[in-house]
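Chain by chain, the residues:
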Amino acid sequence: MSAPPASAASDAAEQLPRIRSALDRLVSYKQGESVRSPEGHTFPLSANESPYEPIPAVVQAIHEAALGINRYPDNSCTDLISEISARFAVPEDTIAVGCGSVGVSQMLLEAVAEPGGEVLYAWRSFEAYPILTRLSGATPVEVPLKDEAHDLDAMAAAITDRTRLIFICNPNNPTGTVISRSDIETFLDRVPADCLVVIDEAYIEYVHDDEAPDGLTLRPGRPNVVVLRTFSKAYGLAGLRIGFAVGHPTVVEALRKAFLPFSVNGVAQAAAIAALRSEEALIARVETTVKERERVHHALTEQGWRLSSSSANFLWLQLGDQALAFARHCAATGVAIRPFAGEGVRVSIGSPAENDAFLAASATFPTTPSHP
Ligand SMILES: *Cc1c(COP(=O)(O)O)cnc(C)c1O
């Protein structure tokens, strides 16, 4: 065996390519580690994915589209945009598709953010926001959550004439809280008309709270509101990377300019169309997940854990400095969850068997459950 080459970084004299300073404070997105029980079991509850295999109609569409992958995909996503337009009753020129809603978020930042500008969001929230903001060169402005939810008063007070974009994650990842229609409307009324507000509704299909708005109904009369949706969660297509935005045609035109050519592949487009056409079957699965969410929530309460209610396909346990130990304890039984050191853990709702594996782990955590 030959020795591995010495790290180039150790050679101080070597001249290296110049990297943008915006990347200095950026840590690359960390995916949950894969874990395995001593018996070889893995229960993946760390990424809020759908626990279900794709339905046959989607598999069929993927199979057919696969036969055409020697060709470039439709760069304009024409068929998918027409399908989304019909399904959500929004004009085609208000829809932009991207490589996951993370891809669409990046397009949004490419369209409006730049060095000197500020991007505002609640924290803790979706981990992609700080990464994409720093990549754009803009300055992140993070407003702490209040009781695990968006503090919209503090966010409104944090708006400056440099604020270019505001992310609102509703329901919030990782805490699962929702903002009511009246609260979000009051907030939107306080945002300057030239500042974009992106309402990220990655989990809207799991919301069963009558007070929570469908972001699309907030758009009329508010050209600065963009709604983000994804096929990764309720539609079960996380592996294919496809999502979309609905916004004012001027914003959508800018988004299409900021689109990385061909970054939404033809297999993903075909699968998304098939998923929209099979919505009944997918919604039935969402309902099962919502029932499981309530079952797991109840079981955790019985075990002595205190947690607030979640409107998404995950639960949030505020564990403070026990978060990492709790996640390690779960990992030892093959249950992968998402810890945030010093804060808490996010546990996705999976299949009933996966959820039972998690509940068995939480029941045997050696420390008495904390009551924050
Ligand atoms: C999972 C998630 C998404 C989805 O991202 P994709 O790129 O579409 O897979 C978007 N926003 C939030 C808040 C999420 O948790």
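Residues numbered from 1 in each chain as written. Predicted model: local features only at pLDDT ≥ 70, side-chain atom pairs only at ≥ 80, totals over all residues. Heavy atoms only, no water.

Looking at an unreviewed UniProt entry, the protein carries the name Aromatic amino acid aminotransferase, with the source organism given as Streptomyces yokosukanensis. Quoted verbatim from the Sequence similarities (unreviewed entry) heading of the UniProt record, the comment on the protein is "Belongs to the class-II pyridoxal-phosphate-dependent aminotransferase family." The protein has a UniProt comment under Cofactor (unreviewed entry) that states "pyridoxal 5'-phosphate". (UniProt positions renumbered as here; feature names shortened; annotations may be inferred.)

Visitor: Would you explain the sheet that holds strand β4 (residues 139–144) in this entry?
Guide: Within a sheet, each strand pairs with its neighbour through backbone hydrogen bonds, oriented either parallel or antiparallel. Pairing within the open sheet is mixed, and its seven strands lie in the order β2-β8-β7-β6-β5-β3-β4. Whereas interior strands pair on both sides, the edge strands pair on one side only; in this sheet they are β2 (95–98) and β4. In this sheet, adjacent strand axes meet at a mean angle of 25° when their direction is disregarded. By the bridge criterion, five bridges tie strand β5 (residues 163–169) to strand β6 (residues 196–200) in an arrangement that is parallel. Paired with I166 across the strands is V197, a residue of β6. Its contacts with the sheet put helix α6 (residues 181–190) on β5, β6 and β7 (225–230), and the angle it makes with β5 is roughly 175°. (Pairing = 2+ DSSP bridges. Helix = DSSP H or I, 4+ residues; strand = E, 2+ residues; numbered from the N terminus. Axes fitted to C-alpha atoms, helices over the stretch in contact; angles between N-to-C directions. Contact = heavy atoms within 4.5 Å.)

Visitor: Where do I start with the pattern of salt bridges in this structure?
Guide: Two side chains of opposite charge can pair, provided their charged atoms sit close to one another. Within the structure shown, the criterion is met by 14 salt bridges. Put simply, E118 and R162 hold a salt bridge, and the shortest N to O gap is 3.0 Å. With a gap of 44 residues between them, E118 in strand β3 (residues 118–123) and R162 in the loop between α5 (152–157) and β5 connect regions that are remote in the sequence. R162 sits in the partly exposed class, given a relative accessible area of 39%. The salt bridge partner of R181 is E185, with a shortest N-O separation of 3.0 Å. Of this pair, R181 and E185 both sit in helix α6, four residues apart, which is roughly one turn of the helix. You can call R181 partly exposed: its relative accessible area is 29%. Shared partners join several salt bridges into a network, and the residues in it are E118, D161 and R162. (Salt bridge = Lys/Arg side-chain N within 4 Å of Asp/Glu carboxyl O. Buried < 20%, exposed > 50% of the residue type's maximum accessible area, 1.4 Å probe, protein only.)

Visitor: Honestly, the site of the ligand in this entry has me stumped. Any pointers?
Guide: In the region of the ligand, 13 residues are neighbours, and S101, Y203, T230, S232 and K233 sit closest. One of the side-chain nitrogen or oxygen atoms of S232 is found 2.6 Å away from an oxygen atom of the ligand. Contact distances for the ligand include 3.4 Å between an oxygen atom and a side-chain N or O atom of K233. Considering the ligand on its own, with 380 Å² of exposed area, one finds that the protein chains cover 94% of that surface. If you tally residues by element for the shell around the ligand, the top one is helix α3 (residues 100–112), at three residues. Its residues assigned to classes, the shell around the ligand shows five nonpolar, five polar and three charged. (Near = heavy atom within 4 Å. Polar contact = N/O pair within 3.5 Å; in protein donor to acceptor, adjacent residues only side chain to side chain. Areas by Shrake-Rupley, 256 points an atom, 1.4 Å probe, with all protein chains shown as cover. Nonpolar A, V, L, I, M, F, W, Y, C, P; charged D, E, K, R; others polar.)

Visitor: When you look at the side chain of S362 in this model, what are you seeing that I'm missing?
Guide: If you trace the backbone, S362 turns up in helix α11 (residues 352–363). What S362 contacts, discounting residues up to four positions off in sequence, is L300, Q303, W305 and F326.

Visitor: What am I meant to see in the domain arrangement of the protein here?
Guide: One widely used convention gives an interface's size as the accessible area the parts lose upon coming together. Its domain assignment divides the protein into domain 1 (32–52 + 281–363) and domain 2 (56–277). Opposite the 22 residues of domain 1 that make contact, domain 2 presents 22 residues. Considering only the surface of domain 1 that becomes buried against domain 2, L282, S311 and W316 emerge as the three largest contributors, covering 27% of it. Joining domain 1 to domain 2, the criterion identifies two salt bridges. Between R124 and E343 there is a salt bridge; the shortest N-O distance is 2.9 Å. For the pair domain 1 and domain 2, the interface holds nine residue pairs in polar contact (both at pLDDT 80 or more). (Domains from an automatic or database assignment. Buried area = accessible area lost by both parts, 1.4 Å probe.)

Visitor: Help me understand the UniProt feature "domain: Aminotransferase class I/classII large" (unreviewed entry) in the protein, please; the structure alone is not making it clear to me.
Guide: Under the local residue numbering, the UniProt record ascribes the feature "domain: Aminotransferase class I/classII large" (unreviewed entry) to residues 44–360. With 39% helix and 17% strand, residues 44–360 has end C-alpha atoms that lie 15 Å from one another.

Visitor: Help me out: how do you make sense of the packing of helix α10 (residues 323–332) against α11 in this one?
Guide: Packed helix pairs are specified by the crossing angle of their axes together with the interaxial distance, meaning the distance between the axes. α11 packs onto α10 with a crossing angle of 125° between their chain directions and a minimal axis gap of 9 Å. Between α10 and α11, the angle falls in the class oblique. For the crossing formed where α10 meets α11, the hand is right-handed. Contacts between α10 and α11 involve F326, H329 and C330 on the former and, on the latter, F358, A361 and S362. Per-class residue counts for the contact of α10 with α11 are four nonpolar, two polar and no charged. (Parallel < 35°, antiparallel > 145°, perpendicular 65-115°, else oblique. Left-handed = near helix turned anticlockwise from the far one by under 90°.)

Visitor: Just checking my understanding: could you explain the pairing of strand β8 (residues 243–246) for this structure?
Guide: Side-chain direction in a regular strand flips from residue to residue, so the side chains alternate between the two faces of the sheet. What you see with β8 is no split at all: G243 and A245 on one side and F244 and V246 on the other are buried throughout. As defined by bridge partners, β7 adjoins β8 across four bridges and the pair is classed as antiparallel. Along β8, the bridge assignment pairs T230 with G243.

Visitor: Sorry if this is basic, but what is going on with the nonpolar core here?
Guide: Grouped burial of nonpolar side chains is what soluble globular proteins tend to show. Ranked by size, the top nonpolar core spans 75 residues in total, and within it L80, V97, L108 and I166 carry the most contacts. Contacts of I166, omitting those with residues within four sequence positions, involve L120, M155, I159, F187, V191, C195, L196, V197 and V198. (Core = buried A, V, L, I, M, F, W, Y, C linked by side-chain atoms within 4.5 Å.)

Visitor: Looking at this structure, how should I read the sheet that holds strand β12 (residues 344–348)?
Guide: Taken together, the three strands give an open sheet; going across it, the order is β9-β12-β11, and neighbouring strands pair in antiparallel fashion. One side of each edge strand has no neighbouring strand; the edge strands of this open sheet are β9 (314–318) and β11 (338–340). Direction aside, the axes of adjacent strands within the sheet are offset by 20° on average. Where β9 meets β12, five bridges bridge the pair, whose relative direction is antiparallel. For Q318, the partnering residue across the bridge sits in β12 and is G344.

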